[in-house]
Amino acid sequence: MAAEDRQRWDERHRATEESPVPAPPDALRGREHVLPPSGRALDVACGRGAVAVWLARRGLQVDAVDVSPVALKAAAALAQEHGVAERVWFVEHDLDEGLPDSCRGPYDLIVCQRFRDPDRYPQLAAALAPGGLLVITVLSEVGAGPGRFRARPGELRAAFGDLEVLVHHESDGEASLVARRPSTAS
């Protein structure tokens, strides 16, 4: 990511004064029952930490990665405010360079909300533990038209075809996928 992009995200996060409310990722709303009750989670492009803190409050150990130090500072404050600072590890990293070496998995849950980089899809799938859950939401061309940051129709399902798809939805400029890595036979 170019320095200009990092600066743009920092400025965007600086302009937001309100603390976010911990909340599930969009694709899981109403489906929280599929989450693992414990284990390790990865929040990719975590922003101000609403999802990471929500996951930590549910008992998961969370690695939360973002390029913006401004966002990560706000996320750390949110974790402290909600009493889960010891359950969330924040990592400043440019995801255009791949996942950080410290965040290769295996993870029981990986969340990626509003960050799309098809080059990262194989890394996300590879970082899932057997039985691990992937929850991803990206901008989509479906219902919105083409764009540089928008997924093509069927992109998520095709990219994660080796996973068991629990939910797949594309409409109104958004695509979501909830999928599970098959458990290995004992």
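Now for a description of the structure that goes with this document. Going along each chain's sequence as written, the residues are numbered from 1 onward. It should be noted that, the model being predicted, local features are given only for residues of pLDDT at least 70 and side-chain atom pairs only at 80 or more, the latter also being counted only at that level, while totals for whole chains, interfaces and linings use all residues. Side-chain measures here rest on the full set of heavy atoms in the structure, leaving out hydrogens and waters.

### Description of helix α3 (residues 69–81)
Moving on, step 1. We count a stretch as a helix when DSSP gives it H or I for four or more residues in a row; a strand needs E for two or more, and each element gets its number in order from the N terminus. For a helix, the expected span equals 1.5 Å multiplied by the residue count minus one. For α3, spanning 13 residues, the distance from its first C-alpha to its last is 18 Å, which sits close to the expected 18 Å at 1.5 Å a residue.
Moving on, step 2. Two residues or fewer past α3, Gly83 is found with a positive phi of approximately 75°.

### Digging into the side chain of Asp43
Moving on, step 1. Tracing the sequence through the fold places Asp43 in strand β1 (residues 39–44).
Moving on, step 2. Look at Asp43: it is buried, it has no salt bridge, and the nearest opposite charge is Arg114 at 11 Å.
Moving on, step 3. For the purposes of these results, a polar contact is taken to be a pair of N or O atoms within 3.5 Å, where, inside protein, one atom must be able to donate a hydrogen and its partner to accept one; residues adjacent in sequence count only when each atom of the pair is a side-chain atom. Polar contacts involving the side chain of Asp43 include one to the main-chain amide nitrogen of Ala52, which spans 3.2 Å.
Moving on, step 4. Every residue pair with non-hydrogen atoms within 4.5 Å of one another is taken to be in contact. Every residue in contact with Asp43, bar those within four places of it in the chain, is listed here: Val51, Ala52, Val62, Asp63, Ala64, Val65 and Val111. When a residue's accessible area, from a 1.4 Å probe over protein chains only, is under 20% of the maximum for its type it is buried; when over 50% it is exposed; and in between it is partly exposed. Charge counting follows a simple rule: Lys and Arg are positive, Asp and Glu are negative, and His as well as the terminal groups are ignored. Every case where a carboxyl oxygen of Asp or Glu lies within 4 Å of a side-chain nitrogen of Lys or Arg is listed as a salt bridge.

### Things to note about the sheet that holds strand β4 (residues 107–113)
Moving on, step 1. Read from one edge to the other, the open sheet built from seven strands follows the order β3-β2-β1-β4-β5-β7-β6, with strand pairing classed as mixed. Single-partner strands in this sheet number two, and they are β3 (88–92) and β6 (164–171). For this sheet, the mean inter-axis angle between neighbouring strands, taken without regard to orientation, is 10°.
Moving on, step 2. Whether two strands pair depends on DSSP finding at least two bridges between them. With six bridges connecting them, β1 and strand β2 (residues 60–66) associate as parallel partners. By the bridge assignment, Asp43 is partnered in β2 with Ala64.
Moving on, step 3. Running over the sheet, helix α2 (residues 50–57) touches β1, β2, β3 and β4 and is turned about 170° from β2.
Moving on, step 4. Where α3 meets the sheet, it contacts β2 and β3, and its direction lies at approximately 170° from that of β3. Between the N-to-C directions of two axes lies an angle of 0 to 180 degrees, each axis being a line fitted to C-alpha atoms and, for a helix, fitted only over the stretch in contact.

### Comments concerning the pattern of salt bridges
Moving on, step 1. For the coordinates displayed, the defined rule picks out seven salt bridges.
Moving on, step 2. With a closest N to O distance of 3.1 Å, Arg40 and Asp63 form a salt bridge. Here Arg40 is found in strand β1, whereas its partner Asp63 is found in strand β2, with 23 residues between them in sequence.
Moving on, step 3. Given the relative accessible area of 31%, Arg40 is considered partly exposed.
Moving on, step 4. Here Asp63 falls in the buried class, since its relative accessible area comes to 10%.
Moving on, step 5. With a shortest N-O distance of 2.8 Å, Glu155 and Arg116 are connected by a salt bridge. Taken as a pair, Glu155 in helix α5 (residues 155–159) and Arg116 in the loop between β4 and α4 (121–126) lie far apart in primary sequence, 39 residues in all.
Moving on, step 6. The partly exposed category is assigned to Arg116, whose relative accessible area is 21%.

### Regarding the environment of Asp96
Moving on, step 1. Counting through the fold element by element, Asp96 comes out in the loop between β3 and β4.
Moving on, step 2. The spacing of Asp96 and Asp117 is 21 residues in sequence and 7.7 Å in space, taken between C-alpha atoms.

### Quick word on the pairing of β6
Moving on, step 1. Here seven bridges tie β6 to strand β7 (residues 174–180), and the two strands are oriented antiparallel to one another. Directly across from His169, in β7, lies its bridge partner Ser176.
Moving on, step 2. Once β6 ends, the chain turns through two residues before running back antiparallel as β7, passing Asp172 with a positive phi of about 50°.

### Thoughts on the nonpolar core
Moving on, step 1. For our purposes a nonpolar core is just a set of buried Ala, Val, Leu, Ile, Met, Phe, Trp, Tyr and Cys residues, chained together by side-chain atoms within 4.5 Å. Among the nonpolar cores identified, the biggest contains 28 residues, and Leu55, Val62, Val88, Phe90, Leu109 and Val135 are the most heavily contacted of them.
Moving on, step 2. Elements with a minimum of two residues in this core: α2, β2, α3, β3, β4 and β5 (128–139).
Moving on, step 3. In this structure, Leu55 is in contact with Leu35, Ala41, Leu60, Val62, Leu109 and Val111, ignoring residues within four places of it in sequence.
Moving on, step 4. The next biggest cluster of nonpolar side chains, apart from the first, holds 27 residues, and it includes Cys112, Ala127, Val138 and Leu177.

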